[in-house]
Amino acid sequence: MNEKTGYLAEEPELKNLKVLYFLMVFLIIVDFVMPQYFGIHIGYDLTSTRVADLVIVVYMFLNSKILTHFWKIIMGNVMIIPLMIYMIVSIYTMVFRTDINSFFLVFLEILTFYILIYGIRFVIGWKRAIKLSIGCAYFLSIYGIIEFLCGQSLFLKFLSTVPTNVVNCYRSGFYRVMGPCGHALAYGLLLLLFTALACVDIEKEELFLFKRPVLLILLMANVFLTGSRSTLGIVFLEIFLIIVFSGRNNIKKTCIILIFFLLALGLFLIIFGRTGVGRYILMQIASVLDQVLGTSYSGLFGADTTTLDNSEEYRKCLPKIFQLDWLNPWLGRGVSGSFGALIDGIYIKSVDNFYVCQYIKYAYPGMIAYIAFIITIIVQMIISAIKYKSAIIKMCLIGIICYFVNLWWLDALQTLKFAYIIIAIFWAYVLTRQSEKEENINAAE
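In this text the structure is predicted, and so the values were computed from the model without any measurement.

Scoring rules and cut-offs
- Residues numbered from 1 in each chain as written.
- Predicted model: local features only at pLDDT ≥ 70, side-chain atom pairs only at ≥ 80, totals over all residues.
- Heavy atoms only, no water.
- Phe/Tyr/Trp six-rings, centres within 6.5 Å; stacked < 30°, edge-to-face > 60°.
- Helix = DSSP H or I, 4+ residues; strand = E, 2+ residues; numbered from the N terminus.
- Buried < 20%, exposed > 50% of the residue type's maximum accessible area, 1.4 Å probe, protein only.
- Lys NZ or Arg CZ within 6 Å of the ring centre and 35° of its normal.
- Disulfide = S-S within 2.5 Å.
- Contact = heavy atoms within 4.5 Å.
- Expected span 1.5 Å × (residues − 1).
- Core = buried A, V, L, I, M, F, W, Y, C linked by side-chain atoms within 4.5 Å.
- Polar contact = N/O pair within 3.5 Å; in protein donor to acceptor, adjacent residues only side chain to side chain.

**Quick notes on the packing of aromatic side chains**
- Taken as a whole, this structure holds 30 aromatic pairs when the rule is applied.
- On the numbers, 5.5 Å between centres and 65° between planes, the contact of Y86 with Y362 is edge-to-face. Residue Y86 is found in helix α4 (residues 80–97), and its partner Y362 is found in helix α14 (residues 354–388); the two are separated by 276 residues along the sequence. An identical accessibility class is assigned to Y86 and Y362; each is buried.
- Between the aromatic rings of F373 and Y420, the centroid separation amounts to 6.3 Å while the plane-to-plane angle is 75°, which identifies the pairing as edge-to-face. Placement of the pair is F373 in helix α14 and Y420 in helix α16 (residues 416–444), with a sequence separation of 47 residues. Exposure class is identical for F373 and Y420. Each is buried.
- Its end group placed over the ring of F208, K253 keeps NZ or CZ at 4.8 Å from the ring centre.

**Quick notes on the state of the cysteines**
- Taken as a whole and assessed by the stated rule, the structure comprises zero disulfides.
- The thiol sulfur of C199 is not disulfide-bonded, and the nearest other cysteine sulfur, from C402, lies at 11 Å.
- The class for C199 is buried, based on a relative accessible area of 0%.
- Taking the relative accessible area as the measure of exposure, C402 reaches 0% and is therefore buried.

**Some thoughts on the environment of L413**
- Its place among the elements puts L413 in the loop between α15 (391–406) and α16.
- For the pair formed by L413 and Y37, sequence separation is 376 residues and the distance between their alpha carbons is 13 Å.
- Setting aside residues no more than four positions away along its own chain, L413 makes contact with H183, L185 and A186.

**A few points about α4**
- Taking 1.5 Å of rise per residue, 18 residues should cover 26 Å, and α4 covers 25 Å from first to last C-alpha, within 8% of that figure.
- Restricting attention to buried positions, one finds in α4 the residues I80, P82, L83, Y86, M87, V89, S90 and T93.
- Count one or two residues on from α4 and you reach T98, which has phi positive near 50°.

**Comments concerning the nonpolar core**
- Formed by 137 residues in total, the largest nonpolar core has its most connected members in M79, Y114 and I130.
- Y314, C317, L324 and A341 belong to the second-largest nonpolar core, a separate cluster that totals 16 residues.

**Some remarks on the side chain of N353**
- The residue N353 is located in the loop between β8 (346–348) and α14 in this model.
- Owing to a relative accessible area of 2%, N353 belongs among the buried residues under this scheme.
- Within polar-contact distance, the side chain of N353 engages the backbone nitrogen of V356 at 3.1 Å.
- For N353, the side chain forms a polar contact with the main-chain oxygen of W408, separated by 2.8 Å.
- Apart from residues lying up to four places away in sequence, N353 is in contact with L318, L407, W408, L410 and D411.

**Details of unusual backbone geometry**
- Unusually for a residue other than glycine, A363 sits at a positive phi of about 60°.
- Among the structural elements, A363 can be located in helix α14.
- Judged by its relative accessible area of 0%, A363 falls in the buried class.
- Here the phi dihedral of Q414 falls at roughly 65°; this positive angle occurs in a residue that is not glycine.
- Considering the arrangement of structural elements, one finds Q414 in the loop between α15 and α16.
- Judged by relative accessible area, Q414 falls into the exposed class, the value being 52%.

Read these as layout, nothing more, since geometry by itself doesn't imply function.
So this is what it looks like as structure tokens:
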């Protein structure tokens, strides 16, 4: 019995199924680490994640008890309702737009999501899933520094095996780190989730910003190196939330460490502010302030303010896409077709807003269904956090809120699979607590 939380720390029921255990571990690792452009192209991109999904599904079909159990878990989950509506929308969009990807991309994402829930709850366990995720965070945060020093994506250079539009990206003369993702903005979304994971103490079940100080510093360095203003701004919000939801003693310790850290950063910038590294840090901080205050201080440190301003004006036009009378509000355009529109004299081609993208692809029914899915998750996390008073749930809640808030400024860019791991950890944790409560009641009787 765990003295702090009062519940049994049992191993997951199916841990001894070695093949399934290996496949689930493999799925989590490749989900985080391997890029979408690595795989086999057979008229369809068979990525590492999809290979893992396919093998796991075959395994389940060869074991009818596992398949039946898996199906029972799917149908018993409250999220099935908005996800089924979302899938129905994707089916009729596929039919009317003759776009098979409109359905299969949604289907494969949802399939991966439920496989993760099942695997983390019954095969791996939520503790090992968190440890695996933190291990991936260490690997990628170190790799991100190396990638920046190399001035190009090593993943793209050595692991690009399927057709891809991914290219190395630069801004204001600096390379923008993108890790295993297809863009620096996408990598920023992953870093938000890693930051939440880095600050949870699994054994003590508490939040502490500096639980893993080396990892936190590496992750913050990677955030700066993405060159993403929205990610940098949201990570400040995330840090604030982590501090607020920490225990009283951890809040005091965090504030003391933060003061020393900020003094050290200030001293570093005073000494090295005129160097390339110093100017880059100041430029990123100033660009966030410019976005909030409407100023242009980042130009003093070498930022291309014209590009930044154009990007800001571009994003302001995106919500006006809802007003376009030639877009069908009930039937989306699907995922394969291109989109372009002239709004207020600005030609919109790349839609950097996930929710607007959902409207374009699946119209109001699809967009509302997915937003209902997000709200369902967050509400369930809040209810469970209050019920169990768990730092694990608070960690998941903070990471997911910051992730989906950031999607107002950019599309998901094939990063939903990262968020689904965090959500799966949450559900696995809650299902474990429920199971242990039932066992305790039965034992008492």
